[in-house]
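Read off the chains here:
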Amino acid sequence: MSITEDSYLYFGNLGKTEPQYGIPNWIGLCLNPRYEREMLHDLNNPLPVPDGSVKKIQAQDVMEHIPKERVPSLFDEIYRALRVGGIFRLSESWPRLFGQRPAGFKWIPAGLC
């Protein structure tokens, strides 16, 4: 599996039950690749792409597994990798990552990015 200029990055296992699996551009970056559209990558290391080269990146239920002190540098790395006009979609279970939701917080419906 290799990343091309048309690839989208999915942080974690990209199994056949994930909606993104139906879109061939998505490639899962994970510690334990199990499927044909995944490659070994530790998010504690730089993303294996050139600057400004990725159109879409999705992190779904994975950020809580990253040490909190590492999260800001991972966001820097995501920013570095995204092309101008690129999309980063973060979806997490709020309490697992941040604790109690702030007053007035509203969920925004999510779709495939």
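Now for a quick tour of the structure. (Residues numbered from 1 in each chain as written. Predicted model: local features only at pLDDT ≥ 70, side-chain atom pairs only at ≥ 80, totals over all residues. Heavy atoms only, no water.)

Examining the overall build of the chain
Each helix and strand counted, the chain has two helices and five strands in total. Along the chain direction, N to C, the helices and strands of the chain fall in the order β-β-β-β-α-β-α. For the chain, with 113 residues in total, the buried portion stands at 39%. By sequence separation, contacts in the chain at least 24 residues apart represent 56% of the contacts at least 6 residues apart. (Helix = DSSP H or I, 4+ residues; strand = E, 2+ residues; numbered from the N terminus. Buried < 20%, exposed > 50% of the residue type's maximum accessible area, 1.4 Å probe, protein only. Contact = heavy atoms within 4.5 Å.)

Observations regarding the sheet that holds strand E5 (residues 82-91)
Sheet architecture is open: five strands sit in the order E3-E2-E1-E4-E5, paired in parallel fashion. Unpaired on one side and paired on the other, strand E3 (38-40) and E5 mark the two borders of the sheet. On average, each strand axis in the sheet is inclined to that of its neighbour by 25 degrees, with strand direction left out of account. Looking at chain direction, strand E1 (residues 8-11) and strand E2 (residues 26-30) are connected through four bridges and run parallel. Bridge pairing in E2 places Tyr-8 opposite Trp-26. Each of E1, strand E4 (54-60) and E5 touches helix H1 (residues 71-81); the most contacted strand, E5, lies at about 140 degrees to it. (Pairing = 2+ DSSP bridges. Axes fitted to C-alpha atoms, helices over the stretch in contact; angles between N-to-C directions.)

A few points about the nonpolar core
Ranked by internal contacts, the top residues of the largest apolar core, which has 19 residues, are Leu-9, Phe-11, Leu-43, Leu-47, Ile-57 and Leu-74. Those elements giving two or more residues to this core turn out to be E1, E2, E4 and H1. Not counting residues within four places of it along the chain, the set of residues in contact with Leu-47 comprises Phe-11, Leu-29, His-41, Ile-57, Glu-77, Ile-78, Arg-80 and Ala-81. Tyr-8, Leu-14, Tyr-21 and Trp-26 belong to the second largest nonpolar core, which has five residues in total. (Core = buried A, V, L, I, M, F, W, Y, C linked by side-chain atoms within 4.5 Å.)

Re the pairing of E4
The buried fraction of E4 is high, at five of seven residues. Where E1 and E4 come together, three bridges link them in parallel fashion. Note on E4: the bridge partner recorded for Tyr-10 is Gln-58. Alignment of E4 against E5, held across six bridges, turns out to be parallel. Residue pairing in the sheet places Gln-58 in a bridge with Arg-89 of E5. Assessed by its sense of winding, the connection that carries the chain from E4 through H1 to E5 is right-handed. (Right-handed = clockwise from strand over helix to strand, strands pointing away.)

Focus: H1
Because each turn of an α-helix spans 3.6 residues, side chains separated by three or four positions end up pointing in the same direction. When we look at burial in H1, the residues that qualify are Val-71, Leu-74, Glu-77, Ile-78 and Ala-81. Across the axial projection of H1, the buried residues extend over an arc of 110 degrees, all falling on one side. When the buried face of H1 is taken as reference, the exposed residues oriented beyond 90 degrees from it are Asp-76 and Tyr-79. Elements in contact with the buried residues of H1: E1, E4 and E5. (Arc of directions from axis to C-beta.)

A look at the packing of aromatic side chains
What describes a pair of aromatic rings is the distance from one ring centre to the other and the angle between the planes of the rings. One pass over the structure, following the stated rule, counts three aromatic pairs. Ring geometry for Tyr-8 against Trp-26: centres 5.2 Å apart, planes inclined by 70 degrees, an arrangement best described as edge-to-face. A residue pair is termed long-range when its members are at least 10 positions apart, and Tyr-8 in strand E1 and Trp-26 in strand E2 qualify at 18 residues. In this structure, Tyr-8 and Trp-26 share a single accessibility class: buried. Here Phe-75 and Phe-88 contribute two aromatic rings whose centre-to-centre distance is 6.0 Å and whose plane-to-plane angle is 70 degrees, an arrangement assigned as edge-to-face. With Phe-75 in helix H1 and Phe-88 in strand E5, the pair connects residues that are 13 residues apart, well separated along the chain. Taking the relative accessible area as the measure of exposure, Phe-88 reaches 26% and is therefore partly exposed. (Phe/Tyr/Trp six-rings, centres within 6.5 Å; stacked < 30°, edge-to-face > 60°.)

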